[in-house]
Amino acid sequence: MSERSRIRAARHAAEKKGVSSAIQRTTRQSPYKMRLVIDQIRGKDVNEALGLLKFSKKHAAVQIAKVLNSAVANAEFKSREGKGNEAIDVDTLYIKHAIVNEGPALRRFMPAAQGRATPIRKRTSHVEIILDAREVKKLRAARSASATSSSRSKK
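Residues numbered from 1 in each chain as written. Predicted model: local features only at pLDDT ≥ 70, side-chain atom pairs only at ≥ 80, totals over all residues. Heavy atoms only, no water.

### Some thoughts on the overall build of the protein chain
A tally of helices and strands in the protein chain yields five helices and five strands. Taken from N to C terminus, the helices and strands of the protein chain fall in the order α-β-α-α-α-β-β-β-β-α. For the protein chain, the proportion of its 155 residues judged to be buried stands at 28%. Restricting the contact set of the protein chain to residue pairs at least 6 apart, pairs at least 24 apart contribute 70%. As presented, the protein chain carries roughly 10800 Å² of accessible surface, and 52% of it is formed by carbon and sulfur atoms. (Helix = DSSP H or I, 4+ residues; strand = E, 2+ residues; numbered from the N terminus. Buried < 20%, exposed > 50% of the residue type's maximum accessible area, 1.4 Å probe, protein only. Contact = heavy atoms within 4.5 Å. Areas by Shrake-Rupley, 256 points an atom, 1.4 Å probe, with all protein chains shown as cover.)

Here you go:
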């Protein structure tokens, strides 16, 4: 089985388990610039990540925010379509997996000295974000622990 098939099979298995994802292909920005932004939000809660992306100066943040919003919408849709018909709490979602891969490069040519042409590679990216829900018990315990530690530090 090829690597691409294994990745696709793992994604489908995660989708069945309840994890939601979104992919944007051939984004017109270099992967290097996109990775600078996606590294900042990996592992964070969805609301915190959207806040970081909204106030980022990087152009890549706009594209990544679109993918993240799409993943959240996919999670909400999947929870409504499920057997339980219960809405998912967006506050429990976090970014489980976020990567930027290189897409196909657009090849262009620019005139150079003495009638020559120099190649230009306009790079593209594939953005993939996978969300998962944190367990509510762990989330509440972490919040209460941080609240008690912050109240102690204020004294």
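### Description of the packing of helix 2 (residues 31-41) against helix 4 (residues 60-81)
It is at 9 Å that the axes of helix 2 and helix 4 come closest, and there the two elements cross at 55°. Accordingly, the angle class assigned to the pair helix 2 and helix 4 is oblique. When the axes of helix 2 and helix 4 are compared, the crossing they make is right-handed. Every residue of helix 4 that contacts helix 2 at Lys-33, Met-34, Val-37, Ile-38 and Ile-41 is listed here: Ala-60, Ala-61, Gln-63 and Ile-64. (Axes fitted to C-alpha atoms, helices over the stretch in contact; angles between N-to-C directions. Parallel < 35°, antiparallel > 145°, perpendicular 65-115°, else oblique. Left-handed = near helix turned anticlockwise from the far one by under 90°.)

### A look at helix 3 (residues 46-54)
Residues lying three or four places apart along an α-helix face the same way, a consequence of the helix completing one turn every 3.6 residues. Along helix 3, the positions that sit buried rather than exposed are Val-46, Ala-49 and Leu-53. Projection of helix 3 onto a plane perpendicular to its axis shows the buried side chains occupying an angular sector of 65°, all on one side. (Arc of directions from axis to C-beta.)

### Concerning unusual backbone geometry
In the Ramachandran plot, Thr-26 falls in the positive-phi region, its phi being about 50° despite a non-glycine side chain. Relative accessible area serves as the criterion here: at 45%, Thr-26 is assigned to the partly exposed category. A positive phi angle, close to 60°, is found at Gln-114, a residue other than glycine. By the element assignment, Gln-114 lies in the loop between strand 3 (106-111) and strand 4 (117-122). On the basis of relative accessibility, which here comes to 70%, the residue Gln-114 falls in the exposed class.

### A look at the side chain of Asp-132
Position of Asp-132 relative to the elements: it lies in strand 5 (residues 125-133). Ignoring anything within four residues of it in the chain, the contact list for Asp-132 reads Val-19, Thr-92, Leu-93, Tyr-94 and Lys-96.

### Examining the packing of aromatic side chains
Applying the stated criterion across every chain yields a total of zero aromatic pairs. Above the plane of the ring of Tyr-94 lies Arg-134, whose end atom (NZ or CZ) is 4.2 Å from the centre. (Phe/Tyr/Trp six-rings, centres within 6.5 Å; stacked < 30°, edge-to-face > 60°. Lys NZ or Arg CZ within 6 Å of the ring centre and 35° of its normal.)

### Describing the layout of surface pockets
Empty space among the atoms becomes visible once a probe the size of a water molecule is rolled across them. Taken as a whole, the largest pocket holds about 450 Å³ of empty space. Considering the residues around the largest pocket, the lining is formed by 15 residues, among which Ile-7, Arg-11, Arg-25, Asn-101 and Glu-128 are closest to the centre. Where the lining of the largest pocket is concerned, the elements lending two or more residues are helix 1 (3-17), strand 1 (20-27), strand 2 (93-102) and strand 5. Per element, the largest residue contribution to the lining of the largest pocket is six residues, and it comes from helix 1. For the lining of the largest pocket, the residue count by class is seven nonpolar, three polar and five charged. (1 Å grid on protein atoms, 1.4 Å probe; cavity = no way out; pocket = protein on both sides within 12 Å on 5 of 7 lines; lining within 4 Å. Points joined across faces, edges and corners; volume = space filled by probe spheres on them. Nonpolar A, V, L, I, M, F, W, Y, C, P; charged D, E, K, R; others polar.)

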